[in-house]
Every structure is written in structure tokens, then in C-alpha cells.
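Chain residues, written in single-letter form:
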Amino acid sequence: MKTNTNPTGMSRRAFLGLGATAAVAAGAGLAGCAPQGKDADAAGAGGGASTSAAAMPNPTEYTPAFLAKPEAPAEVAEEKDCDVLVIGLGLAGVAAARAAAEAGAKVIGIEKQPDIGVVSMAGAFGVVDSQIQLGAGITWAPKGDIVNQLMKDMCYRPNPDFLNYWYDHSGEAFDWFVEGADYELIPKTADNKQTDKPNFLRPIFWPPLEGYDYKTEYYPFFHGTINLNPNMQWGCENCRDKAKAAGAELIFSTFAEQLITADDGSVVGAYVHDKDGKQYTKINAKAVCLCTGDIGGNPEMRHYYAPQADEFASYYGSLDANGEVANTGDGHRMGVWAGGHMELGPFAPMTHHMGGALGVDAFLQLNMEGKRFMNEDIPGQNIADQLSRQPASKDPDLALKGTKSWQIFDANWKDELLAQGTGHGFVNYYIPEDEKDRYATVLEGFALGYTTDEMVEGAVTLKADTIEELAEGMGLPVENVKASIERYNELAAKGVDEDYGKLGTRMFPVDTPPFYACRFDSAGMLVLMGGLECDTDLHPLDDAGEPIKGLYVAGNTQGGRYLVEYPVTVGGHSLACALTFGKLAGENAAAGV
């Protein structure tokens, strides 16, 4: 039996899927890859340990300290004036600053990080029908099909008008985002680069898997998403530079503390301070855009608004100028203090489980009792939900790692990939050794559905010649494993999953050695979706449901986009919405809409 000694317990695919910073933090907890300072344990673990959650009161039984508005600073060292103040210069913020500046507004943008805030390894944009996409032959399914599916994915709780606006306007926002940048366009996922340019665009899972019909899928995947490679940094830098060229003043390592409101409740500026918290500046503005990210790095806010997310470790690689985790809900709190309120949840944790050596393909899964427990033909986001319900391992080491299940397949895996579902975290294409050069670009990056013998052999946790040996290596009851596999093989022979309803075409017997097992641990959380309730002009609403004048919101501070569950049926939907609504917020703020 072979045991993979990968210390993080992550496959190469899972490592790449989380991003290097997150994976290193998960495996080794290295300083500099996790939040630093006095709140490091709480923020770095994301409040994810049950001990952290247990130490906090029930969210319905207390009023948290973060809802108390601080006093205005007694002294300010400087005063500035502008038309539009953008707080937070991540993707949504740089888009807002550029859009407002290009509309002729005098813009000031502030960011508590040393430069623009870009999450490591993020790059997938689920934008629809940009000229770049259309020129490469990339098209999307009809709006009704996609928007209705997204609403179903999220239990019909978001505002469908936001999803309609995304579908209709994200393509033009994307063309605007990258215009003037130097990049290569790769028209198909598996094509190789033709230039030595470091920056390139590439669609994911394009063209679609032959025979794939989203209308027959339990969780359909809609094709068309395009990736900025190596990540979205160059796109955000392009937007930042164009904002500055249009006259925007961008100030970094500067923290917003609270908004300034007039007697009529409108927002007219903000107090900000340097990284030491000693020198304050008052910025007067006709409009303020809150683009400060999510609340996932703030354990108290997470627990109060989304206690169901307490179990997930928060993997967020961006740190502020003081080395603290950056996504701490600053804009949410400032919006509440200014008279707004958080939207009614449940909030949606983005918990991308990227699976094992063969991603999240629909192979047999057994829990820590050696029993099958679900229809395995679901994306990693939803696998994470189901793993939450499974018992912890009785093995202390595996329990500490959060191991909840094992994915099992046999020697026939190469012939079974094309029958799998496709999309976020799935693997569909086996590349033989003598064909690797034809796929060099995709194999050296995220792989995006392609794999090789070397990749699989290097990522599996266990490999054995018998089921008994595999069960022992997994630490599961041998008789339970044998019985579960016998039952699964019986159903595969029938072509009907009588137990959990998986498509019969994705039921493959586990009967040909060698046998493989991949450990599935609890998923990490990238961000926690949920924000300030707002109207379609992006004004946060007060408790009477009226828009707060002079205040706008975009990115992960914006409510109405994602609730209950983050949907992965459209890859890169979050970045596409951050860009699209960031641009809209800047335009509306400049125009006074």
C-alpha cells in the first residue's frame, strides 16, 4: 500500500484551488501566511474551531460591541474635499474609483492595505458576452435559464434584479476592465500560449464537454467564464492606473473609521486615520462608496450574523498595513452606524471544496464509519455542506485535520472521466505522458479539468491492491467498507442508484485493483457573503426602507447578491459582480443617482 506523505493532506488541485497562501496557512500555519497580532488565533482560525464558537453567546441573546458607533475623533490633522470617496480599493473599489473619475468627478480612494487589495490566486470572471468572449467564440446560455438556476441555487432569497443586471452588463464591464492592458487571449482552455506575455486570458472548461447538457444536470454548470492568468492582479492594476490617469487620488495604508452624516441622515464624508491610529483626516465628500470586502475575517461578526459558518477556517490571504487580516467587515459596520442595516440572511459562506486527486468527480464517497452518505454528483461547495453533517473520525490525527470522508475509485478512472459532470472542481480529461506537451499551459496552471498519471499518483492519499488493505489504510471498519462497496457495485451494475439518486451513467463499480482513496477534510471558507441591504441604485437602506443619500455599496459589502449558498453553477460569479457593481457604484456616485 502506498501512503502519500503530503503534509497538508491536500491534493495539488486542492492546493491550487485554495491558493498558495491559504494552503500553506492550512498545512503549516507559517507566520506571514495567516493573520498576525493579538487577534491572530481567532481570525486565522476564522472562529472555525468549535471551541471558539462555544465561547461565544447565542447570537439571538446579546447585542455585540461592534454595533456601538464610536465617538468622532476629537482632533483632525488634515481636511480634504472630493466629489466621491471610495473606501476600499479591491476589485470593486478600483472599478468604482476609475468609473467615478472617468465621469469627471474628483475622486479620493483609500485602502488599508499597502496597495490595491487583490486576493491571491483569484482570477475567474463569470462575465457574459463581452466582446473579448464573443470574438473567441465563447457564448452563454439564455438569461432566463441562468438567472433562474442561480435563484434556485440560493433558495430564491437574493434580489433577481441584481442577477439580471449582472447578465446584461458584466460583459461590457469586463471589456472596460482590461482595455489597454497587455495580454494574450487563449481561445480554448487547453490551448497553449503563443507568446511570452506573462498575462493572459483563458476561458475555463471551454469548449463544453461533448454531450454535456446542463438541462439534464442535478447541478448544471453554465459555460463561458474567463480567467485572468496568472491572477486578477494585472487587471486590477490596469484599472488602478486608469483611475489615477483620470485624476483619482488613491491613498494606501489608511484606515476608514466612520462615516460622517448630515442632519438629514445623508452621508457627507468619512474620518480616516493612519496605520498607527494616531493621525486623523476628515474627508468631505458628496458621495461615499463602501467597497471594503466581506466579514469573514471578523470572528465576532461571523458568529453574530452566520453562526453556521463557525466551523470553517477562514482562508483569506490579504493583510492590511499592520499585518492583520483585511476582511473584517469595516464597511458593514460603518454602514450600520450611518443608519443602514445588514440584509436578512442566511448569509452564504464561500466554501469551495476542491476535492482530491480527481477533484470533486462523482466517485464513491464513504464517511468515517465506512458508509456511503450522499449523491456524490455535486459541486465542491455543496460537498462541503454535506461533510458538515458527517461524524468526526475516531482517529485523533484525522479528527484534528477535519477529515470527514474518503473518495474511492479504481484502476479504471482514466476511462470514467468523460462521463463525469463538468465545472468547478471537476476533472474530465486524461492526458497521456506522450501528449503532455500539447497541453503544457493548462497543466502548469490550475489544470482546469485536465490531469495526468503523475498528477493523480502524486495526489492520492492511499493506494492499495485489495479493498481490505484500502479500508485499513483509511482507518475505517473493514466490514462496513466492504459492504458499502458491494452495495455500490450492485447499484452500478443495475445502472440505477436506488439509495441516493445519482445518475446511472456516473455509477462505476469499484472492482479493479489498484484501488485509490483520497481524503476529504472540512472545507475552508474564502469569504462570507452577506452585506448591507440596498436598492438597485446601490444605496444602503435605512430601517424604514429608504435609501441613505450620498452612500453607495459594492463588492462583498453589498447585500442582495448571495444568500444561503454561494452558487458555483456559474464560475467566477463573485468577481464578475464585484466588477460590474463596483463600476455602477462609481458611475452612480459621480452622477448623484
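Just so you know, these numbers come straight off a predicted model, no measurement behind them.

1. Quick word on the UniProt feature "domain: FAD-dependent oxidoreductase 2 FAD-binding" (unreviewed entry) in the chain
So, step 1. Taken from the UniProt record, the annotation "domain: FAD-dependent oxidoreductase 2 FAD-binding" (unreviewed entry) applies to residues 83-560.
So, step 2. Structurally, residues 83-560 is divided into 27% helix and 18% strand, and its ends, taken at the C-alpha atoms, are 26 Å apart.

2. Focus on the pattern of salt bridges
So, step 1. This model, assessed by the stated rule, comprises 29 salt bridges.
So, step 2. One salt bridge connects glutamate 217 with arginine 506, and the closest N-O pair in it is separated by 2.9 Å. Within this pair, whereas glutamate 217 is found in the loop between strand S6 (200-203) and strand S7 (226-229), its partner arginine 506 is found in the loop between helix H18 (478-494) and strand S18 (515-521), the two being separated by 289 residues in sequence.
So, step 3. With relative accessibility at 13%, the residue glutamate 217 sits in the buried group.

3. Focus on the environment of alanine 181
So, step 1. Inspection of the secondary structure assignment puts alanine 181 in the loop between helix H8 (160-178) and strand S5 (184-185).
So, step 2. As a C-alpha pair, alanine 181 and arginine 333 span 152 residues in sequence and 35 Å in three-dimensional space.
So, step 3. With near-sequence residues (within four places) excluded, alanine 181 lies in contact with Trp234 and Asn238.

4. What to know about the state of the cysteines
So, step 1. According to the stated counting rule, one finds 0 disulfides in the structure shown.
So, step 2. The closest cysteine sulfur to the non-disulfide-bonded cysteine 289 is located on cysteine 291, 5.5 Å from its own sulfur.
So, step 3. Sulfur of cysteine 577: no disulfide; nearest cysteine sulfur belongs to cysteine 534 and is 11 Å away.

5. Some details on the packing of aromatic side chains
So, step 1. As enumerated under the stated definition, the model contains 20 aromatic pairs in all.
So, step 2. Ring geometry for phenylalanine 409 and tyrosine 516: centres 5.1 Å apart, planes at 15°, overall stacked. A residue pair is termed long-range when its members are at least 10 positions apart, and phenylalanine 409 in strand S14 (residues 403-409) and tyrosine 516 in strand S18 qualify at 107 residues. Neither phenylalanine 409 nor tyrosine 516 differs from the other in exposure class; each is buried.
So, step 3. Ring pairing ties together the aromatic residues Tyr62, Phe66, Tyr304, Tyr305 and Phe347, which thus form one cluster.
So, step 4. The positively charged end of lysine 583 is found above the aromatic ring belonging to tryptophan 176, 5.3 Å away from the centroid.

So, how was this worked out
Residues numbered from 1 in each chain as written. Predicted model: local features only at pLDDT ≥ 70, side-chain atom pairs only at ≥ 80, totals over all residues. Heavy atoms only, no water. UniProt positions renumbered as here; feature names shortened; annotations may be inferred. Helix = DSSP H or I, 4+ residues; strand = E, 2+ residues; numbered from the N terminus. Salt bridge = Lys/Arg side-chain N within 4 Å of Asp/Glu carboxyl O. Buried < 20%, exposed > 50% of the residue type's maximum accessible area, 1.4 Å probe, protein only. Contact = heavy atoms within 4.5 Å. Disulfide = S-S within 2.5 Å. Phe/Tyr/Trp six-rings, centres within 6.5 Å; stacked < 30°, edge-to-face > 60°. Lys NZ or Arg CZ within 6 Å of the ring centre and 35° of its normal.

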